[in-house]
Amino acid sequence: VNYRMNTDFCDKKWTSRDVISSVAFKAPTRKNQLAVMQYLTAIQNPDVTHFPIEAAIDLELGLDWLQITEYYCIPKRD
């Protein structure tokens, strides 16, 4: 099969190895899986504007994202 990768799509939806390695160490609990799914969704989709503080704490993100309410922060964009 001869095909070309669509880099526009890959850049938006693929996750870097650094991000994967930073969340892969988490124990496979339901709470951790939900937090990781929320995190991947937030960093892959620029239209996601709020991220739960509880998930950021569970993932040990250091809360370097701007906190806007008691419950939500804004995902950091690179």
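Residues numbered from 1 in each chain as written. Predicted model: local features only at pLDDT ≥ 70, side-chain atom pairs only at ≥ 80, totals over all residues. Heavy atoms only, no water.

Student: An account of the pattern of salt bridges is needed here, citing residue identities and associated values.
Tutor: Side chains that carry opposite charge are capable of pairing whenever their charged atoms lie near each other. All chains considered together, the criterion is met by 3 salt bridges. With a closest N to O distance of 3.7 Å, Lys26 and Glu60 form a salt bridge. Taken as a pair, Lys26 in the loop between helix H2 (17–23) and helix H3 (30–44) and Glu60 in the loop between helix H4 (53–58) and strand S2 (66–67) lie far apart in primary sequence, 34 residues in all. Under the relative-accessibility criterion, Lys26 is labelled buried at 17%. Across the pair Lys31 and Asp58 runs a salt bridge whose closest N-O atoms are separated by 3.8 Å. In this pair, Lys31 is assigned in helix H3 and Asp58 in helix H4, connecting sequence segments 27 residues apart. Here Lys31 falls in the partly exposed class, since its relative accessible area comes to 47%. Classification of Asp58 by relative accessible area gives buried; the value is 18%. Members of the salt-bridge network, linked through shared partners, are Lys31, Glu54 and Asp58. (Salt bridge = Lys/Arg side-chain N within 4 Å of Asp/Glu carboxyl O. Helix = DSSP H or I, 4+ residues; strand = E, 2+ residues; numbered from the N terminus. Buried < 20%, exposed > 50% of the residue type's maximum accessible area, 1.4 Å probe, protein only.)

Student: Which residues make up the confidence of the model for the protein, and what are the values?
Tutor: Scored by pLDDT, the protein has a mean of 80; 78% of the residues are at 70 or more. Helix H1 (residues 7–13) is the least confidently modelled element of the protein, averaging 61 in pLDDT, while strand S1 (residues 51–52) averages 90, the highest of any element. (pLDDT = per-residue confidence, 0-100.)

Student: So, the side chain of Asn32: which residues are in play, and what are the values?
Tutor: You can see Asn32 is positioned in helix H3. Judged by its relative accessible area of 14%, Asn32 is buried. Not counting the four nearest positions on each side in its chain, Asn32 is found in contact with Lys26 and Ala27. (Contact = heavy atoms within 4.5 Å.)

Student: Account for the packing of aromatic side chains, naming residues and giving values.
Tutor: Tallied over the full model, the rule gives 3 aromatic pairs. Seen in terms of ring centroids, Tyr39 and Trp65 are 6.0 Å apart; in terms of plane orientation they differ by 20°. Their pairing is stacked. Residue Tyr39 is found in helix H3, and its partner Trp65 is found in the loop between H4 and S2; the two are separated by 26 residues along the sequence. The same class applies to Tyr39 as to Trp65, namely buried. By the ring-pair criterion, three or more aromatic residues cluster together here, those being Tyr39, Phe51 and Trp65. (Phe/Tyr/Trp six-rings, centres within 6.5 Å; stacked < 30°, edge-to-face > 60°.)

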